[in-house]
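Here are the chains, one letter per residue:
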Amino acid sequence: MNILVTGSAGFIGASFCYEALGCNHKVFGIDNYSNSSKSRTDTLKMHFNENFKFLELNLANDESMTMRELNFFKPNLIVHFAALKSVKDAEENPDLYWENNIRATTNILNFAKQSNCSKIVFSSSAAVYGKCNLQPVNEKAVLKPESIYGKTKLSCENIIDDFCSENSIDAVIFRYFNVSGCHKDKLFFETPQTSQNIMMNIIDVAKKNKDMISVYGDNFDTYDGSATRDYIHMEDLLNAHLIVIDLLEEIEGCEVFNLGSEKEVSVLQLLQMFEKSNGVNVKHKIANPRPEDLPRSLSDSSKFRSFSNWEALKDLKEICVDSWNLDNEIN
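All values reported here derive from a predicted model rather than from experimental measurement.

Some details on the side chain of Ser-226
Within the fold, Ser-226 resides in the loop between strand E8 (213–216) and strand E9 (228–229). We classify Ser-226 as buried; its relative accessible area is 0%. A distance of 2.7 Å separates polar atoms of two side chains, one belonging to Ser-226 and the other to Asp-224.

Here it is in structure tokens:
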């Protein structure tokens, strides 16, 4: 297939490009490097120079500019990863997130229509779910995001759903839970400098670059009082995307799928597993919960499992070991 990948220099986007190219698809990547790395583009060019092309472009720019820049490429599929993604930064700069994430999605949908591309895969987030849901949450649960980031993702989902209803376009929306671990060939990685996710913070403390990690809340209605999350390994996430490519002809309209491990893990349990698996100490302190944080987050991913026979195979220990080993290798 000819696949247009937005956010192709991001951690997940670059890893997906690598896997898709390895399956002999042709990939055209787009990124503006606002929260990504040019080195990932260079790596993809080095390994797949013939089948990988790239354009540095801000998709949130004026629509006519986007169309003009992309007009020469005729994709069979668009995989839309591009977005500003920091929950903390979104709370501090809400207008930027609304402008960027919504406009980029609208522009890429209009390009799909203009170029007669009828299939889209969109990376959304479990952040679209609210605090009021029973756990685990399925795709029919109440959507009441707490964070600005989650609200922008839900708006993008609604735009895509409406667009599919009004045009001959089919879409898959994947709601990611907490992605961690690394790509199996260890070519792409996040660092504490480029990502604020909890694993990067744990690694920073384990390497003594920081004194301790903050655990936001210890009085939630959970196993040990700390908030819980559903951690999915990068390899399982990528596998879901590769599987759905082969099943796109079965998608009609807009389909939403959760992608998670279906294992509920508290923050304190994650810290304990990281210490035990890697033989390191990670000091922590209890801090007040943040307004945008959910007490619990656990996926029901049975819909995609039933549709595709996919399932998450990597466990929490593998996530912890892979993340730590990769950081040690690159440093």
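Thoughts on the pattern of salt bridges
Applying the stated criterion to the full structure yields nine salt bridges. One salt bridge in this structure joins Glu-99 and Arg-103, with 3.2 Å as the shortest N-O distance. Here the residue Glu-99 and the residue Arg-103 both occupy positions in helix H5 (residues 94–114), the gap between them amounting to four residues, near one helical turn. You can call Arg-103 partly exposed: its relative accessible area is 37%. Note that Glu-262 and Arg-305 form a salt bridge whose closest N and O atoms lie 2.6 Å from each other. A residue pair is termed long-range when its members are at least 10 positions apart, and Glu-262 in the loop between strand E11 (254–259) and strand E12 (265–266) and Arg-305 in helix H10 (residues 302–308) qualify at 43 residues.

Some thoughts on the packing of helix H1 (residues 11–22) against helix H8 (residues 234–245)
Orientation of H1 relative to H8, taken along the N-to-C sense of each, is 55°, at an axis distance of 10 Å. As far as their axial angle goes, H8 and H1 are oblique. In terms of crossing hand, the pair formed by H1 and H8 is right-handed. Residues Phe-11, Ile-12, Ser-15, Phe-16, Glu-19 and Ala-20 of H1 form the contact with H8, whose participating residues are Met-234, Leu-237, Leu-238, His-241, Leu-242 and Ile-245.

So, the packing of aromatic side chains
What describes a pair of aromatic rings is the distance from one ring centre to the other and the angle between the planes of the rings. Counted according to the given criterion, the structure contains 14 aromatic pairs. Their ring planes at 55° and their centres at 5.6 Å tell us that Phe-16 and Phe-81 sit as a pair that is tilted. Of this pair, Phe-16 sits in helix H1 while Phe-81 sits in the loop between strand E4 (77–80) and helix H4 (87–92), and the two are 65 residues apart along the sequence. This pair shows no difference in class: Phe-16 is buried, exactly as Phe-81 is. Plain terms: the ring middles of Tyr-18 and Phe-48 are 5.4 Å apart, the flat faces sit at 75° to each other, and that makes the pair edge-to-face. Within this pair, whereas Tyr-18 is found in helix H1, its partner Phe-48 is found in the loop between helix H2 (38–47) and strand E3 (52–56), the two being separated by 30 residues in sequence. Residues Tyr-18 and Phe-48 agree in their burial class; the two are buried.

Focus on helix H7 (residues 198–206)
The buried fraction of H7 is high, at eight of nine residues. Those residues of H7 not exposed but buried are Met-199, Met-200, Asn-201, Ile-202, Ile-203, Asp-204, Val-205 and Ala-206. Near the N-terminus of H7, the side chain that reaches the backbone nitrogen of Met-199, with its oxygen 3.1 Å away, is that of Asn-197. Note on H7: the residue one or two positions beyond its end, Lys-208, has a positive phi of about 65°.

As for the pairing of E8
Side chains Ile-213 and Val-215 project from E8 onto a buried face, and the interleaved Ser-214 and Tyr-216 project onto a face without burial. With four bridges connecting them, E8 and strand E13 (residues 284–287) associate as parallel partners. Considered in E13, the bridge of Tyr-216 is made with Ala-287.

Overview of the pairing of strand E5 (residues 119–125)
In terms of residue burial, E5 counts as a mostly covered element, since seven of its seven residues are buried. Residues Lys-119, Val-121, Ser-123 and Ser-125 of E5 are buried on one face, and the alternating residues Ile-120, Phe-122 and Ser-124, pointing to the opposite face, are buried as well. Bridge analysis of E5 against strand E6 (residues 170–176) gives seven bridges, and the strand direction is parallel. The residue bridging Ser-123 from the neighbouring strand is Phe-174, located in E6.

Remarks on the sheet that holds E11
Here seven strands make up an open sheet; going across it, the order is E3-E2-E1-E4-E5-E6-E11 and the pairing parallel. Single-partner strands in this sheet number two, and they are E3 and E11. Across the sheet, the mean angle separating the axes of adjacent strands is 20° when strand polarity is ignored. Pairing of strand E2 (residues 26–31) with E3, which is carried by five bridges, proceeds in the parallel orientation. Within E3, the residue paired with Gly-29 across the bridge is Phe-54.

Comments concerning the nonpolar core
One broad trend across soluble globular proteins is that nonpolar side chains are buried collectively. Ranked by internal contacts, the top residues of the largest apolar core, which has 42 residues, are Phe-16, Phe-174, Leu-259 and Phe-304. Where this core is concerned, the elements lending two or more residues are strand E1 (2–6), H1, E3, E4, E6, H8 and E11. Each residue touching Phe-16, except ones within four places of it in the same chain, is listed here: Ile-3, Val-5, Val-79, Phe-81, Leu-238, His-241, Leu-242 and Ile-245. If you look at the next biggest cluster of nonpolar residues, it comprises 29 residues, including Met-67, Phe-73, Ile-78 and Phe-163.

About the cut-offs
Residues numbered from 1 in each chain as written. Predicted model: local features only at pLDDT ≥ 70, side-chain atom pairs only at ≥ 80, totals over all residues. Heavy atoms only, no water. Helix = DSSP H or I, 4+ residues; strand = E, 2+ residues; numbered from the N terminus. Buried < 20%, exposed > 50% of the residue type's maximum accessible area, 1.4 Å probe, protein only. Polar contact = N/O pair within 3.5 Å; in protein donor to acceptor, adjacent residues only side chain to side chain. Salt bridge = Lys/Arg side-chain N within 4 Å of Asp/Glu carboxyl O. Axes fitted to C-alpha atoms, helices over the stretch in contact; angles between N-to-C directions. Parallel < 35°, antiparallel > 145°, perpendicular 65-115°, else oblique. Left-handed = near helix turned anticlockwise from the far one by under 90°. Contact = heavy atoms within 4.5 Å. Phe/Tyr/Trp six-rings, centres within 6.5 Å; stacked < 30°, edge-to-face > 60°. Pairing = 2+ DSSP bridges. Core = buried A, V, L, I, M, F, W, Y, C linked by side-chain atoms within 4.5 Å.

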